[in-house]
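# Reading the structure
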Amino acid sequence: MMAASKSAPSSPRRLSLLWMSLPFLPLLLLALAPAVLNELRAFSILLSVAGIRVPLVSTFDTNQVSEKVITFGGPTPLRARMYYPMQISHPCPLVVVHGMQFRGMDEPRLRQFAHTLAAHGCLVMTPQVEEMADYRITRNSAVVIGDAVRELARRSGEHKVGLVGMSFAGGMGLIAASDPAVGRHLAVGASVARRDDPQRRLADFAPDDAR
């Protein structure tokens, strides 16, 4: 009986605390909103890349995308495909480089990935790196990637852009970023690969030219 009498007041106290906290609930939801939206956006990108269509999730925060093949560079023009998000005034510029794949920038999975990123607000450039499309790795691959970074910075009007390298392009992207003329235009770089030692891999494929 004594135990019951001591625990009885706890229930009204909990209700009182709950009612006191209700006015702060909108502020809590407002504080959590950016993190929740970012998680939904990331989930939507992953679903789209995987080709999974879930209503209201896979299309979350998406925009229409316009694609265009461009050329840039000096005496020997380089090719790239641009993905423009519609109705976005200041899209986040991002260079995405294909790996060792004969289709290069036309590889279907790369195109799906780039299109999905653009649909979520990125201005994406996918340059064609002929050496890697021909299953060769040379120092020139890093030069092409660096030229793409500078070109996207020029076209976007942004001083810094992002860089994502697929497979062996990740290592070449790191080499490109080591050039101060390229590095100053990079906001972030990512390598989607399992190559933990790019220099060793370069030596394996082209011991003289790629070092």
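Nothing here was measured: the structure is a model prediction, and the numbers come from that model.

### Observations regarding unusual backbone geometry
Here the phi dihedral of Q87 falls at roughly 60°; this positive angle occurs in a residue that is not glycine. Within the secondary structure layout, Q87 lies in the loop between β2 (78–85) and β3 (92–97). Look at Q87 and you get exposed, because its relative accessible area is 70%. Here the phi dihedral of S167 falls at roughly 55°; this positive angle occurs in a residue that is not glycine. Locating S167 in the fold gives a position in the loop between β5 (161–166) and α7 (168–177).

### Topic: the side chain of H98
Of note, H98 is situated in the loop between β3 and α4 (108–119). Accessibility expressed as a relative area gives 2% for H98, which makes it buried. Ignoring sequence-local partners within four residues, the contact set of H98 consists of G104, M105, L110, P127, Q128, V129, M132, A133, M166 and A169.

### Considerations on the state of the cysteines
The full count for this structure, using the stated rule, is zero disulfides. Take C92: it sits in no disulfide, and the sulfur closest to it among the cysteines is that of C122, at 4.7 Å. For C92, a relative accessible area of 45% translates into the label partly exposed. Here C122 falls in the buried class, since its relative accessible area comes to 15%.

### Remarks on the layout of surface pockets
Here the second largest pocket is characterised by a volume of approximately 160 Å³. Around the second largest pocket, the lining residues are T76, P77, L78, R79, Q128, V129, E130, E131, N140, V143, V144 and D147. Sorting the residues of the lining of the second largest pocket by element identifies β2, α5 (130–133) and α6 (139–156) as the ones contributing at least two each. Partitioned by chemical class, the residues of the lining of the second largest pocket number five nonpolar, three polar and four charged.

Rules and cut-offs
- Residues numbered from 1 in each chain as written.
- Predicted model: local features only at pLDDT ≥ 70, side-chain atom pairs only at ≥ 80, totals over all residues.
- Heavy atoms only, no water.
- Helix = DSSP H or I, 4+ residues; strand = E, 2+ residues; numbered from the N terminus.
- Buried < 20%, exposed > 50% of the residue type's maximum accessible area, 1.4 Å probe, protein only.
- Contact = heavy atoms within 4.5 Å.
- Disulfide = S-S within 2.5 Å.
- 1 Å grid on protein atoms, 1.4 Å probe; cavity = no way out; pocket = protein on both sides within 12 Å on 5 of 7 lines; lining within 4 Å.
- Points joined across faces, edges and corners; volume = space filled by probe spheres on them.
- Nonpolar A, V, L, I, M, F, W, Y, C, P; charged D, E, K, R; others polar.

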